[in-house]
Amino acid sequence: MKPLLYEIEHGIGTGHFMLYERENHIFPMHMHRCYEFVLMLSGEMSMQIEKQDYLLKEGDLVLIKPNRLHSYDSPRNINGKCIICVFSNDLIAAVSDSLAKHKLPSPVIHDVPAFYREMFLGMDEGKDIATVKGFLYTVCGLFYQALDMDTEDDFSKDTLLLRDIFIYLENNISEPCTLKGMAEALGYNPAYISRYFTRIVGIPFYAYVQSVKIDRACYLLINTKDSILSIAIQCGFATLSSFNRTFRSSKGMTPREYRQQAIYEKRGGSS
């Protein structure tokens, strides 16, 4: 069983916008605080959203709301290609509350007009903020029109608690993030939280916290020029030596080596 993931980089700050193509995409169950579009360009891909299975085909467009459990899988021998767009709610502030609050009969719109496909193909992360917002509002309009304004879109009990746990971890990533501290903050018994977390996520709480901290460190190593010590502190490690030791145990190399490798790969492997 693969552990459930929380993509913390998709919840930090405002103006978050990422868009990329994927082929034969496979990704385990996860959630994040951003919205997500998926447009199928060709072939097929399986997707699960909140325990509901969907088979996506060419021309299908999906909207995943924030903090929804979802995963991707690609059928064997079928070449599936898609564009994934992840963005923070502030970029669609005028419609975000309604999209989050009201029920969407289906997160999938089949065979979207070519106009929308061309918009996706013409977008990239280097576009100016006005162009990005115009793109997002235009695509969100398709789903906004389909909302059932008389019905609220509620979370399952499991998803609500899991969302609260992940948000706590995100907001306290620079702290030790102990099971006892988190349980007290959320008003639960630590033993109950421990059993619940292992059952839902697939690994013990302490192991997941360590994984999140290392994943966050990797993100900062690649995307910032912060010092190794600063990153260790931002990720809640008491000492640089403990950070180096934990990082090496997880990634098989030191943080400095990881950053150097990432720089080398960005340059296309040239010295």
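Scroll up to find the structure.
Rules behind the numbers
Per chain, residues are indexed from 1 in the order of the written sequence. Two thresholds apply to this predicted model, a pLDDT of at least 70 for residue-level local features and 80 or more for giving and counting side-chain atom pairs, whereas whole-chain, interface and lining totals are computed over all residues. Excluded from the side-chain calculations are hydrogens and water; all other atoms, namely the structure's heavy atoms, are used. In this text, helices come from DSSP runs of H or I with a minimum length of four residues, and strands from runs of E with a minimum of two, each type numbered from the N-terminal end. The globule rule used for comparison is 2.2 Å times the number of residues to the exponent 0.38, while the radius of gyration itself is calculated over C-alpha atoms. When a residue's accessible area, from a 1.4 Å probe over protein chains only, is under 20% of the maximum for its type it is buried; when over 50% it is exposed; and in between it is partly exposed. By definition in these notes, contact holds between two residues if any of their heavy atoms fall within 4.5 Å. Accessibility throughout is a Shrake-Rupley quantity obtained with a 1.4 Å probe, and a residue counts as covered only by protein chains that appear here. By the counting rule applied here, Lys and Arg register as positive and Asp and Glu as negative, while His and the ends of each chain are not counted. Where a charge lies is defined by one atom per residue type: Lys uses NZ, Arg uses CZ, Asp uses CG and Glu uses CD. Whenever a carboxyl oxygen of Asp or Glu lies within 4 Å of a side-chain nitrogen of Lys or Arg, that contact is scored as a salt bridge. Note on method: axes are straight lines fitted to C-alpha atoms, helices fitted across the in-contact stretch only, with angles between N-to-C directions ranging 0 to 180 degrees. Note on angle classes: values under 35 degrees are labelled roughly parallel, values over 145 roughly antiparallel, values of 65 to 115 roughly perpendicular, and the remainder oblique. For any pair of crossing helices, the crossing counts as left-handed if the nearer helix is rotated counterclockwise from the farther one by less than a right angle, and right-handed if it is rotated clockwise. Three classes are used, and their members are as follows: Ala, Val, Leu, Ile, Met, Phe, Trp, Tyr, Cys and Pro are nonpolar, Asp, Glu, Lys and Arg are charged, and the others, Gly among them, are polar.

Things to note about the overall build of the chain
Here's step 1: Helix and strand counts for the chain come out as 10 helices and 12 strands.
Here's step 2: The C-alpha atoms of the chain give 20 Å as radius of gyration, which agrees with the globular expectation for 271 residues (18 Å, within 12%).
Here's step 3: Here the chain holds 271 residues, and 44% of them are scored as buried.
Here's step 4: Of the contacts formed within the chain by residues at least 6 apart in sequence, a portion of 74% connects residues at least 24 apart.
Here's step 5: Summing over all exposed atoms, the chain offers an accessible surface of approximately 14,000 Å²; the carbon and sulfur share of this is 50%.
Here's step 6: Both charge centroids of the chain, one from 29 positive and one from 32 negative side chains, sit 8 Å from each other.

Topic: the environment of Ser46
Here's step 1: Looking at the secondary structure, you find Ser46 in strand S5 (residues 44-49).
Here's step 2: Each C-alpha atom, one on Ser46 and one on Gly80, is 9.5 Å from the other, the two residues being 34 residues apart in sequence.
Here's step 3: Once you skip the residues sitting within four places of it in the chain, Ser46 turns out to touch Tyr54, Leu55, Ser71, Tyr72, Asp73 and Pro75.

A few points about the pattern of salt bridges
Here's step 1: Scanning the entire structure with this criterion turns up six salt bridges.
Here's step 2: With its nearest N and O atoms 3.3 Å apart, the salt bridge here joins Asp164 to Arg163.

A look at the packing of helix H7 (residues 205-223) against helix H10 (residues 255-266)
Here's step 1: Running from N to C, H7 and H10 point in directions that differ by 50°, and their axes come no closer than 9 Å. The pairing of H7 with H10 is recorded here as oblique in orientation. Taken as a pair, H7 and H10 cross one another with a handedness that is right-handed. Residues Cys218, Leu220, Leu221 and Ile222 of H7 form the contact with H10, whose participating residues are Pro255, Tyr258, Arg259, Ala262 and Lys266.
Here's step 2: When the residues that make up the contact of H7 with H10 are grouped by side-chain class, the tally is seven nonpolar, no polar and two charged.

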